[in-house]
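The primary structure of each chain is shown beneath.
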Amino acid sequence: MNCEDEHCPTHGNLRIKGRVFLGTVIADKMQRTATVQWERRLYVPKYERYMKAWTRVKVHNPPCINAKTGDYVRIIECRPLSKTKNFVVEKVLGKKDIMVPTHEQFEKKEKEDEKKGEVNNEGS
């Protein structure tokens, strides 16, 4: 596909630098713009627990990439492209349900790793 977007990270002359995030496209209705969201965990000292929080940013969505709602994408920081856009979609990695493990899957893996560690320590 012939991409004539000057803000495309691969075909244009936009320099990308800074932070890289992985997130899910939650809206793609605007022209060449998408909204990407990802989850993060914040520690709350008062309750000694973690809380879920979400970050939402507007990103430039070049026509050659054309990420759709539900896609799991990698975004990279760039210079400000508008009042709210400071990121550009670099790559579509797939659909969200395939790519992002849930919190329960992380806990299950941690427990398996702990069991492996206990088995290795008993054998020593």
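The preceding data block contains the structure.
Overview of the structure. (Residues numbered from 1 in each chain as written. Predicted model: local features only at pLDDT ≥ 70, side-chain atom pairs only at ≥ 80, totals over all residues. Heavy atoms only, no water.)

**Thoughts on the overall build of the protein chain**
Consideration 1: Across its full length, the protein chain carries two helices and five strands.
Consideration 2: Of the regular secondary structure in the protein chain, the N- to C-terminal order runs β-β-β-β-β-α-α.
Consideration 3: Long-range pairs, those at least 24 residues apart, make up 53% of the contacts in the protein chain between residues at least 6 apart in sequence.
Consideration 4: Accessible surface for the protein chain amounts to roughly 9,200 Å². Of this, 50% is attributable to carbon and sulfur atoms. (Helix = DSSP H or I, 4+ residues; strand = E, 2+ residues; numbered from the N terminus. Contact = heavy atoms within 4.5 Å. Areas by Shrake-Rupley, 256 points an atom, 1.4 Å probe, with all protein chains shown as cover.)

**Notes on the sheet that holds strand 4 (residues 71-78)**
Consideration 1: With mixed pairing, the five strands of this closed barrel are ordered in space as 1-2-3-5-4. The mean inter-strand angle of the sheet, taken between neighbouring strand axes irrespective of direction, is 45 degrees.
Consideration 2: Here strand 3 (residues 49-60) runs beside strand 5 (residues 85-95); their pairing, made up of three bridges, is parallel. Counted as the bridge partner of Lys58 is Lys85 from strand 5. (Pairing = 2+ DSSP bridges. Axes fitted to C-alpha atoms, helices over the stretch in contact; angles between N-to-C directions.)

**Some details on the nonpolar core**
Consideration 1: Core analysis: the biggest nonpolar cluster contains 12 residues, these being Val25, Ala34, Val36, Trp38, Val57, Val59, Ile65, Ala67, Val73, Ile75, Phe87 and Val89.
Consideration 2: Only strand 2 (33-44), strand 3, strand 4 and strand 5 provide two or more residues apiece to this core.
Consideration 3: Here the element with the most residues in this core is strand 2; it accounts for three residues.
Consideration 4: Those residues in contact with Trp38 that sit more than four places away from it in its chain are Phe21, Leu22, Gly23, Ala53, Trp54, Thr55, Val57 and Ile75. (Core = buried A, V, L, I, M, F, W, Y, C linked by side-chain atoms within 4.5 Å. Buried < 20%, exposed > 50% of the residue type's maximum accessible area, 1.4 Å probe, protein only.)

**Remarks on the side chain of His7**
Consideration 1: Among the structural elements, His7 can be located in the segment before strand 1 (16-27).
Consideration 2: Once residues within four sequence positions are removed from consideration, His7 is found in contact with Leu14, His60, Arg79, Leu81 and Val88.

**What about the packing of aromatic side chains?**
Consideration 1: Taken as a whole and assessed by the stated rule, the structure comprises three aromatic pairs.
Consideration 2: Plain terms: the ring middles of Phe21 and Trp38 are 4.5 Å apart, the flat faces sit at 15 degrees to each other, and that makes the pair stacked. Here Phe21 is found in strand 1, whereas its partner Trp38 is found in strand 2, with 17 residues between them in sequence.
Consideration 3: On the basis of relative accessible area, Phe21 is assigned to the partly exposed category, the value being 22%. (Phe/Tyr/Trp six-rings, centres within 6.5 Å; stacked < 30°, edge-to-face > 60°.)

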